[in-house]
Amino acid sequence: MQSTQSISVKNLSQSAQTGDYWLISAELLEPLNSIDAFYFLDKQPEQTLSLFHYQFPKLQLLSQQPLTDNLLNSETLQLTSKLNDQVILKSEQPTLLLASDLGIGPLFYYAKQVKTNSQNNLALLHASASFPFAVKPAQFMLENFPHEAIGACSLLEDWKIANRLASDIGLPGCFEGSLVDLFDYWLSTESQHHLKEESRVHWQVLSFLPERCNQQLKERVKPYPWLSLQTINTP
């Protein structure tokens, strides 16, 4: 049985984001024992909230629906998280960040952690319907990605993290298909560099995707000793 963490929060507020997302802000009564990717309100357990920012006492969570006025006006609320494996990122290795939908929240959290490591980091993001940010023309050029994948997240680019987007519904500027398919484009190019001995870079890959997609990634990376993969399944 998976362990859980219970957290007391107060002073909740929320703000609407692009793409029908909501950013929930709260104040923690005590520091987190574990940094987890996904959280649930005890009074509304069917609603998934994903980590976006944490610096005690402030916690920000991404949601695909707003909280009710009753919840926002509560003096205190209890959040529960299912304890995931703790993420360990090495500053001397470049990071490839992968996420879909609510997994985009923790992707931003860890992108902020790696943006200062002076590596050529990369992020690939997927949306089933929409992104919680405006898609803008990419400023960073990437080799051998699909021609239609010319959109990007400006905030990640501000952090010097090149990124590309995938969509199930053909959003402008996005690769039409799954994130695993988009990952395959990157893997094909990167593996050719290794075969030609043009690169000896060891990548760490951090994925926030549904379990089925993470299982596909695990199979993809098996032949490549220069890839280390950490996965957290989205609810």
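Caption draft 1: Geometry of the state of the cysteines. Evaluated as defined, the whole model comprises 0 disulfides. Cysteine Cys-213 shares no disulfide, and the gap to the nearest cysteine sulfur, in Cys-174, comes to 16 Å.

Caption draft 2: Summary view of helix α5 (residues 211-221). All buried positions along α5 are accounted for by Cys-213, Asn-214, Leu-217 and Val-221. Buried residues of α5 fall within an arc of 100° about the axis and therefore sit on the same side. Residues of α5 that are buried sit in contact with β7 (95-100), α4 (179-195), β13 (203-209) and β14 (227-233).

Caption draft 3: Highlighting the environment of Leu-195. Summarising the element assignment, Leu-195 is placed in helix α4. Judged by relative accessible area, Leu-195 falls into the exposed class, the value being 66%.

Caption draft 4: Structural view of the sheet that holds strand β12 (residues 175-176). Spatially, the 6 strands line up as an open sheet ordered β12-β11-β8-β7-β13-β14, and their pairing is parallel. Edge positions in the sheet fall to β12 and β14, since each has one partner strand and no second. As defined by bridge partners, strand β8 (residues 122-127) adjoins strand β11 (residues 162-167) across 6 bridges and the pair is classed as parallel. Each bridged residue has a counterpart across the sheet, and for Leu-125 the counterpart in β11 is Leu-165. Along the sheet, helix α2 (residues 104-114) contacts β7, β8 and β13; its crossing angle with β7, the most-contacted strand, is approximately 160°. The sheet contacts of α4 involve β7, β8, β11, β12, β13 and β14, and relative to β8 the element is tilted by about 155°.

Caption draft 5: Quick look at the side chain of Glu-157. Secondary-structure assignment places Glu-157 in helix α3 (residues 154-158). No salt bridge is formed by the buried Glu-157. Its closest oppositely charged neighbour is Arg-164, at 4.7 Å. Leaving out residues up to four positions away in the same chain, Glu-157 has contacts with Pro-137, Ala-138, Gln-139, Phe-140, Ala-152 and Asn-163.

Caption draft 6: A look at the sheet that holds strand β2 (residues 21-28). On the basis of which strands lie adjacent, the closed barrel formed by 6 strands has the order β1-β2-β5-β4-β3-β6 and antiparallel pairing. Ignoring strand direction, the axes of neighbouring strands in this sheet form an average angle of 45°. Along the sheet, α2 contacts β3 (38-41), β4 (44-55) and β5 (58-63); its crossing angle with β4, the most-contacted strand, is approximately 15°.

Caption draft 7: Representation of the pattern of salt bridges within the structure. The tally for this structure, following the rule as stated, stands at 3 salt bridges. Across the salt bridge formed by Lys-10 and Glu-27, the nearest N and O atoms sit 4.0 Å from each other. Note that Lys-10 is positioned in strand β1 (residues 4-17) and Glu-27 in strand β2, a separation of 17 residues in sequence. Here Glu-27 falls in the partly exposed class, since its relative accessible area comes to 29%. Between Asp-184 and Arg-220 there is a salt bridge, and its shortest N-O distance comes to 2.9 Å. Of this pair, Asp-184 sits in helix α4 while Arg-220 sits in helix α5; the two residues are 36 residues apart in sequence, bridging distant segments of the chain. For Asp-184, a relative accessible area of 25% puts it in the partly exposed group. Judged by relative accessible area, Arg-220 falls into the partly exposed class, the value being 29%.

Caption draft 8: Spatial organisation of the environment of Pro-137. Among the secondary structure elements, Pro-137 is positioned in strand β9 (residues 135-137). Remark: the alpha-carbon pair of Pro-137 and Lys-90, spanning 47 residues in sequence, is separated by 30 Å. Sequence-distant contacts of Pro-137, that is, excluding residues within four places in its chain, are made with Ile-150 and Glu-157.

Caption draft 9: Molecular detail of unusual backbone geometry. Between Phe-56 and Pro-57 the backbone carries a cis peptide bond, its omega angle lying at 10°. Here Pro-57 is to be found in the loop between β4 and β5. With a phi angle near 50°, Asp-101 is a residue other than glycine that sits in the positive phi range. With respect to the element layout, Asp-101 can be found in the loop between β7 and α2. For Asp-101, a relative accessible area of 17% translates into the label buried. The phi dihedral of Asn-144 is positive, around 60°, even though this residue is not glycine.

Reading the values: rules and limits
- Residues numbered from 1 in each chain as written.
- Predicted model: local features only at pLDDT ≥ 70, side-chain atom pairs only at ≥ 80, totals over all residues.
- Heavy atoms only, no water.
- Disulfide = S-S within 2.5 Å.
- Buried < 20%, exposed > 50% of the residue type's maximum accessible area, 1.4 Å probe, protein only.
- Helix = DSSP H or I, 4+ residues; strand = E, 2+ residues; numbered from the N terminus.
- Arc of directions from axis to C-beta.
- Contact = heavy atoms within 4.5 Å.
- Pairing = 2+ DSSP bridges.
- Axes fitted to C-alpha atoms, helices over the stretch in contact; angles between N-to-C directions.
- Lys, Arg positive; Asp, Glu negative; His and termini not counted.
- Salt bridge = Lys/Arg side-chain N within 4 Å of Asp/Glu carboxyl O.

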